[in-house]
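Each chain, written out:
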Amino acid sequence: MNSQQLSRRLATVADLICQYGATDIRLADIGSDHAYLPCHLALNQKIQAAVAGEVVKGPYQSAQAEVKSQGLDSIIQVRLGDGLAVIQADDAINVISICGMGGSLIRSILDAGQDKLSHGPLLVLQPNIGEATLRSWLSQHDFQIVHETIVEDSQRLYEIIVAQHQPGAPALMPRQAYLGPILSQIRGPLYKQKWAREEANLKAIQAQIQAAPQPDQAKLAEIAEKLGWIADSLSQCQEEE
Ligand code: SAM
C-alpha cells in the first residue's frame, strides 16, 4: 500500500469520504500512520485541506515524511497529538476519519473530543473489532448511521460506518448496534460470511463456559441473546438465496 495505491479497505473509506463529504472537503484523519489516506485524496484533488493526526512519534514522523515526499505540505498538516485534540477551530474540518483501530478506542477518541464534534462533522469510521460499542456511542450522541459496508481485504472482513450529526434520530436497539442497522437490512454474502464465523466463535465460547464447574450464567445469557440475533438474521439470508 502507498499513497497512490490504497488497500481495498482504505480505498473504500476514501470513496465514502468523497460520496458523503461536503463539496469542499476538509478532512481530519486521526491515527494517520503514513498519512496514506489524506495523501491519496489530495493527490486526486478530492480534498481542499487535511490534518493528519498521530499520537505516536514514529508513525507521526512517517506521516510527515510521506506528506513531504508527495509535495503536499500546503494541503496536509501533520500534527502530533491525542485524538481530536489536533483539530483547531480554524481548520474548519467537516469530515473526520478514524480507521484501523478497535471500536472501543475510536469510541474513547470521539468521547474525549466531543468539543470538536459540536458543529457536526461527517464521521467515517473503520473499527477492526468492537463495532457494537461504537454504534451505541454514536446513537447516544446524536449521530445517525447513514451508510455501512463490509470490505474483504487480505482475508479479513472490515466494517466501515458513515455517520452524520442528526439530533432527534431514533436510538439504536441493542440488536441493531450489534448487527448494524443498515448491514442487517441489506445483508449480502460478506455479511453472511462474517456472522457465520461469529456464530461459530460464540458457540465455541458457549461450550467452554458450559463445561466450567460453575458456569457464568450472566455471560451465557449474553451469548444466548447474541446467538439468537445471529440465527434470526442468517435465516433471513437463507430465505433470500
Ligand atoms: N489509519 C491507518 C489505517 O487505517 O491504515 C493506520 C491504522 S494504525 C493500525 C492505528 C494508528 O492509530 C497508529 O498509528 C496509532 O499510533 C494511532 N493512534 C492510536 N490511538 C490514537 C490516538 N488516541 N490519537 C491519535 N492516533 C492514535
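Per chain, residue numbering runs from 1 following the sequence as it is written. Where local features are concerned, this predicted model is filtered to residues with pLDDT of at least 70; where side-chain atom pairs are given and counted, the filter is 80 or more; whole-chain, interface and lining totals use all residues. Excluded from the side-chain calculations are hydrogens and water; all other atoms, namely the structure's heavy atoms, are used.

## Notes on the site of the ligand
Here a residue counts as near a molecule or strand whenever at least one of its heavy atoms sits within 4 Å of it. In the region of the ligand, 17 residues are neighbours, and Arg9, Gly31, Glu54, Asp82 and Gly83 sit closest. Asp82 has a polar side-chain atom sitting 2.7 Å from a nitrogen atom of the ligand. What qualifies as a polar contact is a pair of N or O atoms within 3.5 Å, subject to a donor-acceptor requirement within protein and to the restriction that residues adjacent in sequence count only when both atoms come from side chains. Contact distances for the ligand include 2.8 Å between a nitrogen atom and a backbone N or O atom of Gly83. Expressed as a share of its isolated accessible area of 590 Å², the protein-covered part of the ligand is 79%. Under the DSSP-based scheme used, a helix requires at least four consecutive residues in state H or I and a strand at least two consecutive residues in state E, with every element numbered from the N terminus. The set of elements that each furnish at least two residues to the shell around the ligand consists of helix 1 (8–20), strand 4 (95–101) and helix 4 (103–112). For this classification, the nonpolar set comprises Ala, Val, Leu, Ile, Met, Phe, Trp, Tyr, Cys and Pro, the charged set comprises Asp, Glu, Lys and Arg, and every other residue, Gly included, is treated as polar. Split by residue class, the shell around the ligand holds 9 nonpolar, 4 polar and 4 charged. Here, Shrake-Rupley sampling with a 1.4 Å probe gives the accessible areas, and only protein chains in the shown set may cover a residue.

## A few points about the pairing of strand 4
Most of strand 4 sits out of view: 6 of its 7 residues are buried. Strands are labelled as partners when DSSP assigns at least two bridges between them. Across 4 bridges, strand 1 (residues 26–30) lies against strand 4 in parallel orientation. When the bridges of strand 4 are listed, Ile30 appears paired with Ile98. When strand 4 meets strand 5 (residues 122–127), the two strands line up parallel, connected through 6 bridges. Within strand 5, the position partnered with Cys99 by the bridge is Gln126. Handedness of the crossover joining strand 4 and strand 5 through helix 4: right-handed. Using a 1.4 Å probe on the protein chains alone, a residue whose accessible area is under 20% of its type maximum counts as buried, one over 50% counts as exposed, and one in between counts as partly exposed. The definition of a right-handed crossover adopted here requires that, viewed with the strands pointing away, the path from the first strand over the helix to the second runs clockwise.

## Here's the deal with the sheet that holds strand 7 (residues 156–165)
Strand pairing in a sheet relies on backbone hydrogen bonds. The paired strands run either parallel or antiparallel. With respect to topology, 7 strands assemble into an open sheet ordered 3-2-1-4-5-7-6, the strand pairing being mixed. Strands at the two margins of the open sheet, each flanked by one partner only, are strand 3 (76–80) and strand 6 (143–153). Each strand axis lies, on average, 15 degrees off the axis of its neighbour in the sheet, ignoring direction. In what follows, residue pairs with any heavy atoms lying within 4.5 Å of each other are defined as contacts. Axis geometry follows a simple rule: fit a line to the C-alpha atoms, using only the stretch in contact for helices, then measure angles between N-to-C directions, giving values from 0 to 180 degrees. The sheet contacts of helix 4 involve strand 1, strand 4 and strand 5, and relative to strand 4 the element is tilted by about 150 degrees.

## Things to note about the packing of aromatic side chains
Pairs were defined over the aromatic rings of Phe, Tyr and Trp, the Trp ring being its six-membered one, requiring ring centres within 6.5 Å. Orientation was assigned from the angle between planes: stacked under 30 degrees, edge-to-face over 60, tilted for the rest. Evaluation of the coordinates by the stated rule reveals 4 aromatic pairs. Relative to Trp195, the ring of Tyr178 has its centre 4.9 Å away and its plane inclined at 50 degrees; by these criteria the two rings are tilted. Taken as a pair, Tyr178 in helix 6 (residues 174–179) and Trp195 in helix 8 (residues 189–211) lie far apart in primary sequence, 17 residues in all. Both rings, one in Tyr178 and one in Trp229, keep their centres 5.6 Å apart while their planes meet at 50 degrees; by these two values the pair is tilted. Highlighted residues: Tyr178 in helix 6 and Trp229 in helix 9 (residues 217–240), separated in sequence by 51 residues.

## Comments concerning the pattern of salt bridges
We define a salt bridge as a contact between a side-chain nitrogen of Lys or Arg and a carboxyl oxygen of Asp or Glu at a distance within 4 Å. Enumeration according to the criterion identifies 9 salt bridges in this entry. Note that Glu148 is salt-bridged to Arg135, the shortest N-O span being 2.5 Å. Of this pair, Glu148 sits in strand 6 while Arg135 sits in helix 5 (residues 131–140); the two residues are 13 residues apart in sequence, bridging distant segments of the chain. Overall, Glu148 belongs to the buried group, its relative accessible area being 2%. Linking Lys194 and Glu159 is a salt bridge whose minimum nitrogen-to-oxygen distance equals 2.9 Å. Of this pair, Lys194 sits in helix 8 while Glu159 sits in strand 7, and the two are 35 residues apart along the sequence. The pair formed by Lys194 and Glu159 is uniform in burial state, with each residue classed as buried.

## With respect to the nonpolar core
If you look at the biggest cluster of nonpolar residues, it comprises 30 residues, and the most contacted ones within it are Val13, Ile17, Ile76 and Val124. If you list the elements that add at least two residues to this core, you get helix 1, helix 2 (36–43), strand 2 (49–54), helix 3 (57–69), strand 3, strand 4, strand 5 and strand 7. With near-sequence residues (within four places) excluded, Ile17 lies in contact with Ile25, Leu27, Leu37, Leu41, Val95, Ser97 and Val124. By size, the runner-up hydrophobic cluster in this structure holds 23 residues, among which are Leu117, Leu123, Leu138 and Phe143. Nonpolar cores were defined as sets of buried Ala, Val, Leu, Ile, Met, Phe, Trp, Tyr and Cys residues, with membership established by side-chain atoms within 4.5 Å.

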